[in-house]
Amino acid sequence: MKIGDLIKVKDCKNLDCMCFFCHGNSNRVGFIATLVPQGGYAAIFDIGEWDVFQFDEDQGRLEVMNESR
């Protein structure tokens, strides 16, 4: 992942989930906007900002849909 990449967070398997994305009825598509001090990235989604980390992608929680150049 890098700044400018378009990402998609995977759907939750729990129908009663109250996570940031489910609670906000998000489409789960966002873009990497900037680095965060904890070593990840701030991503902008339709419902607001959420920090994502390389381990999220490594563990299959999100995917890079379109890499920036």
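About the thresholds
Residues numbered from 1 in each chain as written. Predicted model: local features only at pLDDT ≥ 70, side-chain atom pairs only at ≥ 80, totals over all residues. Heavy atoms only, no water. Helix = DSSP H or I, 4+ residues; strand = E, 2+ residues; numbered from the N terminus. Rg over C-alpha atoms; globule rule 2.2 N^0.38 Å. Contact = heavy atoms within 4.5 Å. Areas by Shrake-Rupley, 256 points an atom, 1.4 Å probe, with all protein chains shown as cover. Lys, Arg positive; Asp, Glu negative; His and termini not counted. Charge placed at Lys NZ, Arg CZ, Asp CG, Glu CD. Salt bridge = Lys/Arg side-chain N within 4 Å of Asp/Glu carboxyl O. Core = buried A, V, L, I, M, F, W, Y, C linked by side-chain atoms within 4.5 Å. Buried < 20%, exposed > 50% of the residue type's maximum accessible area, 1.4 Å probe, protein only. pLDDT = per-residue confidence, 0-100. Patch = residues over 30% accessible without salt bridge, like charges linked within 9 Å, V, L, I, M, F, W, Y side chains within 5 Å. Phe/Tyr/Trp six-rings, centres within 6.5 Å; stacked < 30°, edge-to-face > 60°.

Caption draft 1: Highlighting the overall build of the protein. Secondary structure summary: the protein contains 2 helices and 5 strands in total. Reading the protein from its N terminus to its C terminus gives the helix and strand order β-α-β-β-β-α-β. Rg of the C-alpha trace for the protein: 12 Å, near the compact-globule value of 11 Å for 69 residues, within the 12% margin. Oriented by its inertia axes, the alpha-carbon framework of the protein measures out at about 35 × 25 × 20 Å. Excluding contacts between residues fewer than 6 apart, the proportion of contacts in the protein whose partners are at least 24 apart in sequence is 48%. Surface summary for the protein: the accessible area is close to 4700 Å², and the carbon and sulfur share equals 51%. In the protein, 7 positive and 11 negative side-chain charges are present, and the distance between their average locations comes to 5 Å.

Caption draft 2: Fine view of the pattern of salt bridges. Within this structure, the stated rule accounts for 4 salt bridges. The partner of lysine 2 in a salt bridge is aspartate 5, with the nearest N and O atoms 3.8 Å apart. A salt bridge links arginine 61 to aspartate 56; the nearest nitrogen and oxygen atoms lie 3.1 Å apart.

Caption draft 3: Just the nonpolar core, in detail. Counting residues in hydrophobic clusters, the biggest one holds 10 residues: Met1, Ile7, Val9, Phe21, Ile32, Tyr41, Ala43, Phe45, Val52 and Leu62. Tallying contributions element by element places strand S3 (residues 41-45) first for this core, with 3 residues. Residues in contact with methionine 1, not counting those within four places in the same chain, are Ile7, Ile32, Tyr41, Val52, Phe53, Gln54, Glu57, Leu62 and Val64.

Caption draft 4: How the structure looks around the confidence of the model for the protein. The share of residues in the protein with pLDDT of 70 or more is 99%, and the mean pLDDT across the chain is 94. Across the protein, element-level confidence peaks in S3 with a mean pLDDT of 98 and bottoms out in strand S5 (residues 62-66) with 93.

Caption draft 5: Geometry of a nonpolar patch on the surface. On the surface, Leu6, Phe31, Ile44 and Met65 cluster together into a nonpolar patch covering about 310 Å² of accessible area. With respect to the element layout, leucine 6 can be found in strand S1 (residues 6-9).

Caption draft 6: Seen up close, the packing of aromatic side chains. Enumeration according to the criterion identifies 5 aromatic pairs in this entry. Their ring planes at 20° and their centres at 4.6 Å tell us that phenylalanine 20 and tryptophan 50 sit as a pair that is stacked. Residue phenylalanine 20 is found in helix H1 (residues 20-23), and its partner tryptophan 50 is found in strand S4 (residues 48-52); the two are separated by 30 residues along the sequence. Look at tryptophan 50 and you get partly exposed, because its relative accessible area is 38%.

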